[in-house]
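Coordinate analysis (summary)
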Amino acid sequence: MEPKTAPEKFIVPIGPQHPALKEPGHFEFTVEGEVVTNATARLGFVHRGMEKGAENRTWVQDLYLMERVCGICSHVHALAFSLGVEKLAGVQAPPRAQAIRELVSELERIHSHLLWLGVAAHEGGFDTLFMFSWRDRETVMDLLETISGNRVNYSANVLGGVKIDINEKQADAIRKGMDFLEERTQHYLKVVTEDETFLGRTRNIGVMTYEQADFLGAIGPTGRASGVKRDVRVDSPYTAYSDFPVNLVTHTHGDLEARFIVRIKELYESYRLVRELVDKMPAGELTVKVPRRIPEGEVISRVEAPRGELLYFLKSNGSDKPERVKVRTPSLCNWSSVLVTAVGHNLADMPMILAGIDPCFSCNDRVVTVNRKTDSTQMDWEDLRQYGIEYYK
Amino acid sequence: MNINFPPIVALLFFPGGAFLLFSGLVFEYIDRKLVARFQNRIGPRWFQPLADVVKLLAKEEIIPTGVMKGLFVALPVVALTAALTSALYVPLFGFKPVFSFQGDLIVTLYLLSMMTLCIGLAGANTEDRFSLIGATRALTQLFSYEAPFLLALLGPAIALRTWNISEINAGAGSGLWFIIAQPIGFVVALVGLMGKLELPPFDAPEAETEIVAGAFTEYSGRGFAIFKIGRDVELVIGLTLVASFYMGGFATPLDFLWKTLLLLLVTAALQSLFARLRIDQTVGMWWRVGVLMVLLQLVVIIVGQQLAPVIQPALQSLFGG
């Protein structure tokens, strides 16, 4: 059936408002029948001006701001920021604090991967798996609440350490939770590798070869599913990852099934790490003192977020406020891989391919002023604010 | 039960008409509740489908620009009318059908297909891109499940040598149930019904994560409510047909209740077991597997019927001829 509106090019818009998207983004898929022939993305609907906002706040206040960059991986943002600040200040958090930081990171990875499993299953129309994995995710959310008091923004970090401690009762709860989750995860691994209808939607769909992944700079589980051996936790261990190392999980197929398998196997790694951390938690202080004014300098701090490498660039001018905070989130690196792998697949596969990189919109939206030769503009904070007011009037 | 209702009563109140509309909502509730329980959710309260319909009926109906207005308004009504009309030929709630003649099976199946045709037209009528894709998919799906579904329902008809629904209903209960005699036909008929009603995993025509609500995307208020009721009515009639053909027919309302509800339980379980099939997978499945299986079944029935008088009465009872 030929559409009557556009005889040559039939473009299906997904977003900014669409049931498949939990955050606003805009994608245009050119289709021929059901087959996608071209894909474009437009981001930037949830730009919040956080990097700029960070320059107006002190280092301590920024910690809380940065934690709110992402609602799913709030801990790693605060972690990357505080690791950077500590490096600038020339201090190091005590071992127990480092171990607790790693513990919360891994708990957060568990909750993020289980969340993703549910979302990806929902995009493929498998709501039962969605409901079950989100039910089990509550276990780890409850654990995070037990140890930090919060389900989402755990606020575990302070500059120079952590503000939460793990007592024996909490440790027991964590061990029990990990046992339950491991058992459930075994079931999910079985479902995603054996269920025929589900395999029909994931096997050989959205295949990204190693060369493509390497060229496009795919990172995190998305890259690892294509055989890219890249993980900050292994490559340059931070916090306690050198004492409690993580095994790299990779897969060679690069299709959606491989992304499911990599993430689920990473869950096992996290369970193992969490147990080990709880059992062998080093004793000692939780914080060291960090000066209010951070010495002048620049630093890059990298951590492995659930979605891949998270990079913070911090520049200090010696005052109590940062000169520049630059955040590069993993979703941004993976977008191009979606647009490349989408072509040639069915429209029905698009939601799953989109979800396959575990996209996060609000953390990667930025404002860019493009310097063209003719109409070059520079905007300061006040102009930008005014522009925003005018734009949305 | 052989009570004869005057046609006007049957059409407007009982067992068709108003009563059928409400039982459609009840069946929708049971379906939603069962799926929810299978998915470890709590599910809706008992009046939720009714509340949905009342709310939708009370809302403004937005007619988008670029549609043929008359068609846009008429399509849901036609779809519901066709579904309600088909109720006159089936043994609803175990009562004798109001109208009955040789070949009413085919008429009923046509009337049941009207819904999908209306959905296809409704989608093609608007300029919305999601609706267009939804309409294409709905019609593609129609061409894939319709033939096997029809063939599956023909199995009992051929075995009993009649094309009259009430005679099949009566005959189905006399011998061995067709669910045992013709298991393939039963599976195909039940899965075909799920395809007809666009239940998961055959919900590609309205896959919300891809094309929002498919052909219904532009529908709101009254039109959407009527489509929704029409589909509920079709759920009841479809379950009635499959249960009466394959599960020994109905003699009493109680028979009707437990047989259709058992079928509903099975469909709810199937709905929660699978991931959504892509439209190409749906078509492939029906034509590569469904049709071949039913054809095999038909061959067995016909050969059995030819051989039955010759060989032994046991075979005769097995195939009901």
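Scroll up for the structure.
Below or above, wherever it landed, is the structure these notes cover. The model shown is predicted, which means the values in this text are computed figures rather than measured ones.

1. A word on the overall build of chain A
A tally of regular secondary structure across chain A gives 14 helices and 8 strands. Out of the 393 residues belonging to chain A, those deemed buried represent 48%. Summarising the internal contacts of chain A: among those between residues at least 6 apart in sequence, 68% fall at separations of at least 24.

2. Observations concerning the overall build of chain B
Scanning chain B from N- to C-terminus turns up 14 helices and 0 strands. The order of α-helices and β-strands along chain B, N terminus first, is α-α-α-α-α-α-α-α-α-α-α-α-α-α. In summary, chain B has a C-alpha radius of gyration of 20 Å against a globular reference of 20 Å for 321 residues, a match within 12%. C-alpha extents for chain B along the principal axes are approximately 65 × 45 × 40 Å. Considering chain B as a whole, with its 321 residues, one finds that 51% of them fall into the buried category.

3. Regarding the sheet that holds strand 3 (residues 35-42) of chain A
All names here are of chain A. On the basis of which strands lie adjacent, the open sheet formed by 3 strands has the order 1-2-3 and antiparallel pairing. Because the sheet does not close on itself, it has two edges, and the strands there are strand 1 (10-14) and strand 3. Direction aside, the axes of adjacent strands within the sheet are offset by 25 degrees on average. Direction of pairing for strand 1 relative to strand 2 (residues 26-32): antiparallel, over a ladder of 5 bridges. Counted as the bridge partner of Ile14 is Phe27 from strand 2.

4. Side note on the packing of helix 9 (residues 183-196) of chain B against helix 11 (residues 221-246) of chain B
Residue and element names in this part refer to chain B. The contact between helix 9 and helix 11 brings their axes to 10 Å, and the two run at 175 degrees. Relative to helix 11, the element helix 9 is oriented roughly antiparallel. Contact residues: helix 9 offers Phe186, Ala189, Leu190, Leu193 and Lys196, while helix 11 offers Gly238, Val242 and Tyr246. Partitioning the contact of helix 9 with helix 11 into residue classes produces 6 nonpolar, 1 polar and 1 charged.

5. A few points about the nonpolar core
One finds Leu153(B), Ala189(B), Val233(B) and Val242(B) to be the most contacted residues of the largest nonpolar core, which totals 164 residues. Those residues within four positions of Ala189(B) in sequence are excluded, and the remaining contacts are Phe149(B), Ala152(B), Leu153(B), Val242(B) and Tyr246(B). Judged by nonpolar contacts, the second largest core, of 32 residues, contains Ala54(A), Val76(A), Leu311(A) and Val327(A).

6. What about unusual backbone geometry?
All names here are of chain B. The step from Pro200 to Pro201 runs through a cis peptide bond, and the omega angle for that step is 0 degrees. Its location among the elements puts Pro201 in the loop between helix 9 and helix 10 (208-211). Non-glycine residue Glu198 carries a positive phi angle of around 55 degrees. By secondary structure assignment, the location of Glu198 is in the loop between helix 9 and helix 10. The exposure class assigned to Glu198 is buried, which follows from the 23 C-beta atoms found within 10 Å.

7. Considering helix 12 (residues 253-273) of chain B
Spanning 21 residues, helix 12 of chain B covers 30 Å between terminal C-alpha atoms, matching the ideal 30 Å at 1.5 Å per step. Buried within helix 12 of chain B are the following residues: Asp255(B), Phe256(B), Lys259(B), Thr260(B), Leu263(B), Thr267(B), Ala268(B), Gln271(B) and Ser272(B). Tucked inside the fold, the buried residues of helix 12 of chain B contact helix 5 (127-148) of chain A together with helix 2 (17-38), helix 9 and helix 11 of chain B.

8. Some thoughts on the interface of chain A and chain B
Across the contact, 27 residues belong to chain A and 27 residues belong to chain B. Counting only elements with at least two residues in the side of chain A that touches chain B, the list comes to helix 4 (95-123), helix 5, helix 7 (196-202) and helix 13 (350-356) of chain A. Here the residues of the side of chain A that touches chain B are counted per class, giving 13 nonpolar, 9 polar and 5 charged.

9. With respect to the sheet that holds strand 7 (residues 308-316) of chain A
All names here are of chain A. Strand order across the open sheet formed by 3 strands is 6-7-8, with antiparallel pairing between neighbours. In this open sheet, the two edge strands, each paired with only one partner strand, are strand 6 (297-305) and strand 8 (322-328). Here the strands of the sheet are splayed against their neighbours by 15 degrees on average, with no regard to which way each runs. Lying over the sheet, helix 3 (residues 74-89) contacts strand 6 and strand 7, oriented at roughly 150 degrees with respect to strand 6. Strand contacts of helix 12 (residues 330-342): strand 6, strand 7 and strand 8, with the helix running at about 130 degrees to strand 7, the strand carrying the most contacts.

10. Some remarks on the environment of Ser144(B)
Inspection of the secondary structure assignment puts Ser144(B) in helix 6 (residues 129-160). Put simply, Ser144(B) and Trp287(B) are 143 residues apart on the chain and 6.6 Å apart in space, counted from C-alpha to C-alpha.

11. Some thoughts on the environment of Val35(B)
All names here are of chain B. Take Val35: it is sitting in helix 2. It is 26 Å that separates the C-alpha atoms of Val35 and Leu139, two residues lying 104 residues apart in sequence. Discounting residues that sit within four places of it in the chain, Val35 has contacts with Ala268, Gln271 and Ser272.

12. Looking at the environment of Gln92(A)
Positionally, Gln92(A) belongs in the loop between helix 3 and helix 4. Each C-alpha atom of the pair Gln92(A) and Val288(A) lies 7.4 Å from the other, and the pair is 196 residues apart in sequence.

13. Quick look at the pairing of strand 2 of chain A
Residues and elements named next belong to chain A. Residues Phe27, Phe29 and Val31 of strand 2 are buried on one face, while the alternating residues His26, Glu28, Thr30 and Glu32, pointing to the opposite face, are not. Sheet analysis places strand 2 next to strand 3, joined by 7 bridges and oriented antiparallel. When the bridges of strand 3 are listed, Phe29 appears paired with Ala39. Hairpin connection from strand 2 to strand 3: 2 residues lie between these consecutive antiparallel strands, with Gly33 at a positive phi of about 65 degrees.

Cut-off values and rules
Residues numbered from 1 in each chain as written. Chains lettered and ligands numbered in written order. Predicted model: local features only at pLDDT ≥ 70, side-chain atom pairs only at ≥ 80, totals over all residues. Helix = DSSP H or I, 4+ residues; strand = E, 2+ residues; numbered from the N terminus. Buried ≥ 20, exposed ≤ 12 C-beta atoms within 10 Å, placed from the backbone. Contact = placed C-beta atoms within 7 Å. Rg over C-alpha atoms; globule rule 2.2 N^0.38 Å. Pairing = 2+ DSSP bridges. Axes fitted to C-alpha atoms, helices over the stretch in contact; angles between N-to-C directions. Parallel < 35°, antiparallel > 145°, perpendicular 65-115°, else oblique. Nonpolar A, V, L, I, M, F, W, Y, C, P; charged D, E, K, R; others polar. Core = buried A, V, L, I, M, F, W, Y, C linked by C-beta atoms within 7 Å. Expected span 1.5 Å × (residues − 1).

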